[in-house]
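# Observations on the three-dimensional arrangement
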Amino acid sequence: MLLVEPFARDHVKDNLSPVAQLYYSASTMICCAHAISEGGNMVLGAQAGPARLAEVFRRAGFTHFRRAAETPFNLIFEVRR
């Protein structure tokens, strides 16, 4: 399976570009609010970063998680059980 996510690094201090600021804004208003309303207990938002994403997939039972590609706007991960 391929996972396409907005480009983000693992630490907030590394996500301060204009694009990242736009992703944070949209995430706060749309993604996080929706996840909370659905009872989510791991509300990651748009700037989760590879380490947090990998942890979510490992908890879900996936054993293979690797960055397959990236663009200035997206990270693409290969995920397998």
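Everything quoted here is computed from the prediction, not taken from an experiment.

## Points about the nonpolar core
Inside soluble globular proteins, nonpolar side chains tend to come together where they are buried. Counting 12 residues, the largest nonpolar core is built from Leu3, Phe7, Leu44, Ala48, Leu53, Ala54, Phe57, Phe62, Phe65, Leu75, Phe77 and Val79. Elements that contribute at least two residues to this core include exactly α2 (49-59) and β3 (74-80).

## Digging into the environment of alanine 33
Within the element layout of this structure, alanine 33 appears in helix α1 (residues 18-37). Alanine 33 sits in the partly exposed class, given a relative accessible area of 39%. A C-alpha to C-alpha distance of 9.1 Å links alanine 33 and glycine 45, two positions 12 residues apart in sequence. Those residues in contact with alanine 33 that sit more than four places away from it in its chain are Ser27 and Thr28.

## Examining the pattern of salt bridges
A complete count under the given rule lists five salt bridges for this structure. Of the charged contacts in the structure, one is a salt bridge between glutamate 78 and arginine 66, with a shortest N-O distance of 2.6 Å. Residue glutamate 78 is located in strand β3, and its partner arginine 66 is located in strand β2 (residues 64-70); the two are separated by 12 residues in the primary sequence. Using a relative accessible area of 17% as the deciding quantity, one classes glutamate 78 as buried.

## A word on α1
Between its first and last C-alpha atoms α1 spans 28 Å; for 20 residues at 1.5 Å apiece the expected length is 28 Å, and the two agree. The largest bend in α1 amounts to roughly 50 degrees and is located at serine 27. A positive backbone phi angle near 85 degrees is found at glycine 39, which sits one or two residues after α1.

## Here we look at the packing of aromatic side chains
Tallying each qualifying case throughout the model produces three aromatic pairs. Judged by centre distance (5.3 Å) and plane angle (65 degrees), the rings of phenylalanine 57 and phenylalanine 62 are edge-to-face. Pairing phenylalanine 57 with phenylalanine 65 gives two aromatic rings, centres 5.7 Å apart and planes at 40 degrees, and the pair type is tilted. For the residue pair phenylalanine 57 and phenylalanine 65, the accessibility class agrees, reading buried in each case. Ring-pair connections join several aromatic residues into one group, and the members of that group are Phe57, Phe62, Phe65 and Phe77. Residue placement shows arginine 81 over the ring face of phenylalanine 62; its charged tip is 4.2 Å from the ring centre.

The rules we used
- Residues numbered from 1 in each chain as written.
- Predicted model: local features only at pLDDT ≥ 70, side-chain atom pairs only at ≥ 80, totals over all residues.
- Heavy atoms only, no water.
- Core = buried A, V, L, I, M, F, W, Y, C linked by side-chain atoms within 4.5 Å.
- Buried < 20%, exposed > 50% of the residue type's maximum accessible area, 1.4 Å probe, protein only.
- Helix = DSSP H or I, 4+ residues; strand = E, 2+ residues; numbered from the N terminus.
- Contact = heavy atoms within 4.5 Å.
- Salt bridge = Lys/Arg side-chain N within 4 Å of Asp/Glu carboxyl O.
- Expected span 1.5 Å × (residues − 1).
- Bend = angle between axes of the 7 residues up to and from the residue.
- Phe/Tyr/Trp six-rings, centres within 6.5 Å; stacked < 30°, edge-to-face > 60°.
- Lys NZ or Arg CZ within 6 Å of the ring centre and 35° of its normal.

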